[in-house]
Amino acid sequence: MCGMITKWIQFSVTPDSSAAFRTELASVEAASKQEHGCAHYSAYQSHDDCQVFTVLESWETEAAFEAHRKAPHVADFKVKCEAMIVEKSALSLDELAAG
């Protein structure tokens, strides 16, 4: 695959961890936006279920995405949040207008 790398990730967290997860995810969002090759990074919390969070991210290249996955702030997030996450799902997306 070449071109833009876009991912959609959804997390469901334990009822007592929503606030802490939100704080950690906001920190990852801020750091990720500063990374080389980040075209878009936004994190959301559901209005309908405060235990559900979604990330939409786009990277200019596969190399930029792989560097992001190995970044210290991502590793730190995984360690801090692993026990909070009940379920995680992810999709790789292709933009319709891209062809």
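Details of the structure are given in the entry above.
**So, the pairing of strand β4 (residues 85–93)**
- The element β4 is largely exposed, with a buried count of zero among its nine residues.
- Both strand β1 (residues 5–13) and β4 contribute to a ladder of eight bridges, which runs antiparallel. Note that in β4 the partner of Trp-8 across the bridge is Leu-91.

**With respect to the pairing of strand β2 (residues 38–45)**
- Alignment of β2 against strand β3 (residues 52–59), held across seven bridges, turns out to be antiparallel. Among the inter-strand pairings, Ala-43 is bridged to a residue of β3, identified as Val-55.
- Where β2 folds back on β3, the antiparallel hairpin that results is connected by six residues.

**Description of the pattern of salt bridges**
- Taken as a whole, this structure holds four salt bridges when the rule is applied.
- Here Lys-80 ties to Glu-24 by a salt bridge, and the two come within 3.8 Å at their closest N and O atoms. You can see Lys-80 sitting in helix α3 (residues 72–81) and its partner Glu-24 sitting in helix α1 (residues 18–33), a full 56 residues away along the chain.
- Linking Lys-80 and Asp-76 is a salt bridge whose minimum nitrogen-to-oxygen distance equals 3.2 Å. Note that Lys-80 and Asp-76 are positioned in helix α3 at a spacing of four residues, about one turn of the helix.
- A residue is classified by how much of its surface remains accessible, and Lys-80, at 42% relative accessible area, is partly exposed.
- One salt-bridge network, held together by shared partners, links Glu-24, Asp-76 and Lys-80.

**Focus: the nonpolar core**
- Counting 17 residues, the largest nonpolar core has Phe-11, Phe-21, Trp-59 and Phe-77 as the members making the most contacts within it.
- Contributing elements (two or more residues each) for this core: β1, α1, β2, β3, α2 (62–69) and α3.
- Apart from residues no more than four positions distant in its own chain, Phe-77 is found in contact with Phe-11, Phe-21, Glu-24, Leu-25, Val-28 and Glu-82.

The rules behind the values
- Residues numbered from 1 in each chain as written.
- Predicted model: local features only at pLDDT ≥ 70, side-chain atom pairs only at ≥ 80, totals over all residues.
- Heavy atoms only, no water.
- Buried < 20%, exposed > 50% of the residue type's maximum accessible area, 1.4 Å probe, protein only.
- Helix = DSSP H or I, 4+ residues; strand = E, 2+ residues; numbered from the N terminus.
- Pairing = 2+ DSSP bridges.
- Salt bridge = Lys/Arg side-chain N within 4 Å of Asp/Glu carboxyl O.
- Core = buried A, V, L, I, M, F, W, Y, C linked by side-chain atoms within 4.5 Å.
- Contact = heavy atoms within 4.5 Å.

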